[in-house]
Amino acid sequence: MRILVLGAGGVGGYFGGRLAEKGADVTFLVRSRRKRQLESDGLVIRSVHGDVTIRPKTITAEEPVNAPYDLVLFSSKAYHLEEAVRDLRPFVGERTVVLPLLNGVAHYPVLQREFGADRVIGGLCFIETTLNQEGHVIQTSKDHFVRFGEFGQSQSQTERIRRIEQALGGTKASFLLSDHIERDIWHKYLFIAVIAGITTLMRSPVGPIRETTGGTEFIRSVFREIEAVMLAHGAPLDGDIVDRHMETTQRMSFEMKSSMLRDMEKGYAVEGEHLHGYLLELAERQGLEAPRLQAIYHNLKVYGSGLS
C-alpha cells in the first residue's frame, strides 16, 4: 500500500516515521524548506519509545504525480486546511482513502465535499509531540496511538479497512481499528477542547489549575458545559464520559501542557476557531448559553489578534 503523509511535523512526522521505520511505502508531502531539511538531516525522531533517524521519501505539491496514493494520513493544522486540501488534490484518485488526524469535527464536511464522502474515513490521534529548532520530532508521552475506522457500525468491517489495518500494523506506535469511530472522535474532541481551553485561558499547565482551590470543580464545569453543547447537537457521547475524562485529568502530570498552550508560548497560530469557535456555533444554533466556552474562545481571539 502506497501511503502519503501530509506534512512531517509533530504528528505526521512521528506516525509516518514509525511506518517508514517498519518498511512501509511512505512518502511525505512537504514544503520545499522542509524537504531540504529532511534530505540533509533525515527525519529524526527522539521518543520515549525509542529514537530513530530515517531517510524518507519526500515530494512537494509542485512536483509531478506519477500515480494516486492508496492512503493519505491528513495531519495538517486546521488553520491550513484549505491550503492542504489544494495541495493534496492531485494525489487523490478514485480509490484513495483519506484518514484525517486533526482535532475536532469541523474539517470532515470540508474533506468529504472536496474528495467525496466515500473516500474519507474517521480518525484521531493521542500524542504529545513538537518540533525542536533543528526540525527533530520530540515525542514525550506514554500515549502514541492513532484510532481509525469507517463511519457507521455496519461499515466497520469493510475489506478496505482491513487492508488499511494490515498496512498500519506492526509499528512502535499503535494504530487501532475502531468499530465506533464517530463516538471516539467526539470523546476526544470533548477532552481536547477542555484541556486546551483551560490551559490557554490560565496560561498554565494542568497541575496548578487542578490543585488550586476550586480548580477541580472548575474543570468539571467546563466539561459539563461543552458536553451539553455536544449532546444538544446530537453527538454520540457515552453517559459517563465526563467522569472518565476527569479521572484522566486527575492522573495527568502536574506539568502537563496542552499542545495549544505550547504553541501559544512559541507565538504560533492556534486552532481556536476550529475547536472552540465551532462549538460556540453549535451552542448558538441550539440556543444554549456557554459562558465558560465564550471566555476560552475570546481569550484565544485576543491572542490571535496580537500575532503578526
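Structure: above.
Residues numbered from 1 in each chain as written. Predicted model: local features only at pLDDT ≥ 70, side-chain atom pairs only at ≥ 80, totals over all residues. Heavy atoms only, no water.

Caption draft 1: Fine view of the overall build of the protein. Helix and strand counts for the protein come out as 12 helices and 10 strands. At 19 Å, the protein has a C-alpha radius of gyration in line with the 19 Å of a compact globule built from 308 residues. Its C-alpha atoms give the protein principal-axis dimensions of roughly 55 × 45 × 35 Å. Across the protein, the fraction of contacts at a sequence separation of at least 24, relative to all contacts at a separation of at least 6, is 70%. Roughly 14000 Å² of accessible area belongs to the protein as shown, and the carbon and sulfur atoms make up 47% of that amount. Here the protein contributes 37 positively and 39 negatively charged side chains, and the mean placements of these two sets differ by 4 Å. (Helix = DSSP H or I, 4+ residues; strand = E, 2+ residues; numbered from the N terminus. Rg over C-alpha atoms; globule rule 2.2 N^0.38 Å. Contact = heavy atoms within 4.5 Å. Areas by Shrake-Rupley, 256 points an atom, 1.4 Å probe, with all protein chains shown as cover. Lys, Arg positive; Asp, Glu negative; His and termini not counted. Charge placed at Lys NZ, Arg CZ, Asp CG, Glu CD.)

Caption draft 2: Expanded view of the nonpolar core. Phe74, Leu88, Tyr189, Ile226 and Met230 are the most contacted members of the largest nonpolar core, which has 66 residues in total. Ranked by the residues each element gives to this core, the list is headed by helix H6 (residues 181-202), at 12 residues. Leaving out residues up to four positions away in the same chain, tyrosine 189 has contacts with Gly104, Val105, Met230, His274, Leu275, Tyr278 and Leu279. If you look at the next biggest cluster of nonpolar residues, it comprises 30 residues, including Ile3, Val5, Phe15 and Ile121. (Core = buried A, V, L, I, M, F, W, Y, C linked by side-chain atoms within 4.5 Å. Buried < 20%, exposed > 50% of the residue type's maximum accessible area, 1.4 Å probe, protein only.)

Caption draft 3: Broad picture of the layout of surface pockets. Each pocket or cavity is described by its volume, and for the second largest pocket that value is around 350 Å³. Lining the second largest pocket are 16 residues; nearest its centre among them are Val270, Glu271, Gly272, Glu273 and His274. Looking at the lining of the second largest pocket, the elements that each hand over two or more residues are helix H11 (272-286) and helix H12 (291-305). A breakdown of the residues in the lining of the second largest pocket according to their chemical character gives nine nonpolar, three polar and four charged. (1 Å grid on protein atoms, 1.4 Å probe; cavity = no way out; pocket = protein on both sides within 12 Å on 5 of 7 lines; lining within 4 Å. Points joined across faces, edges and corners; volume = space filled by probe spheres on them. Nonpolar A, V, L, I, M, F, W, Y, C, P; charged D, E, K, R; others polar.)

Caption draft 4: Structural context of the side chain of serine 178. In this structure, serine 178 sits in the loop between strand E10 (174-177) and H6. When its relative accessible area of 6% is taken as the criterion, serine 178 is described as buried. Looking at serine 178, its side chain comes within polar contact range of the main-chain nitrogen of histidine 180, at 3.0 Å. Non-local contacts of serine 178, meaning those with residues more than four positions away in its chain, are made with Arg147, Phe148, Gly149 and Asp184. (Polar contact = N/O pair within 3.5 Å; in protein donor to acceptor, adjacent residues only side chain to side chain.)

Caption draft 5: How the structure looks around empty space enclosed by the protein. If you walk through the whole model with that rule in mind, you get one cavity of 30 Å³ or more. Of the pockets and cavities examined, the largest cavity occupies roughly 30 Å³. If you go around the largest cavity, the residues you meet are Leu102, Asn103, Gly104, Gly123, Leu124, Ile185, Lys188 and Tyr189. At the level of elements, strand E8 (122-131) and H6 are the ones that each hand at least two residues to the lining of the largest cavity.

Caption draft 6: Region of the structure containing the packing of aromatic side chains. The final tally for this structure, using the stated rule, is eight aromatic pairs. For the pair phenylalanine 15 and phenylalanine 175, a centre-to-centre distance of 5.7 Å together with 70° between the ring planes defines the contact as edge-to-face. Here phenylalanine 175 lies in strand E10 and phenylalanine 15 lies in helix H1 (residues 10-21), a separation of 160 residues in the sequence. On the basis of relative accessibility, which here comes to 0%, the residue phenylalanine 15 falls in the buried class. Its guanidinium or amino end placed over the ring of tyrosine 69, arginine 2 lies 4.1 Å from that ring's centre, counting from NZ or CZ. One cation-aromatic arrangement involves lysine 188 over phenylalanine 126; the distance from NZ or CZ to the ring centre is 5.1 Å. (Phe/Tyr/Trp six-rings, centres within 6.5 Å; stacked < 30°, edge-to-face > 60°. Lys NZ or Arg CZ within 6 Å of the ring centre and 35° of its normal.)

Caption draft 7: Broad picture of the pattern of salt bridges. Within the structure shown, the criterion is met by 24 salt bridges. Residue arginine 285 is joined to glutamate 281 by a salt bridge in which the shortest nitrogen-to-oxygen separation is 3.7 Å. Taken as a pair, arginine 285 and glutamate 281 lie in helix H11 at a separation of four residues, close to a single helical turn. Residue classification places glutamate 281 among the partly exposed residues on the basis of a relative accessible area of 37%. Here the salt bridges share partners, and the residues they tie into one network are Arg220, Arg224, Glu227 and Asp243. (Salt bridge = Lys/Arg side-chain N within 4 Å of Asp/Glu carboxyl O.)

Caption draft 8: How the structure looks around the pairing of E8. In this structure, E8 lies alongside strand E9 (residues 137-149), joined through nine bridges in antiparallel fashion. Across the sheet, residue threonine 130 finds its bridge partner in E9, namely isoleucine 138. (Pairing = 2+ DSSP bridges.)

Caption draft 9: Up close: the sheet that holds strand E1 (residues 2-6). Strand order across the open sheet formed by five strands is E5-E2-E1-E6-E7, with parallel pairing between neighbours. Each edge of the open sheet is held by one strand with a lone partner, namely strand E5 (57-59) and strand E7 (92-100). Averaged over all adjacent pairs, the angle separating strand axes in this sheet is 30°, with direction ignored. Bridge analysis of E1 against strand E6 (residues 69-74) gives four bridges, and the strand direction is parallel. Looking at E6, one finds that leucine 4 is bridged to valine 72. Where helix H4 (residues 107-115) meets the sheet, its contacts fall on E6 and E7, and the angle it forms with E7 comes to roughly 170°. (Axes fitted to C-alpha atoms, helices over the stretch in contact; angles between N-to-C directions.)

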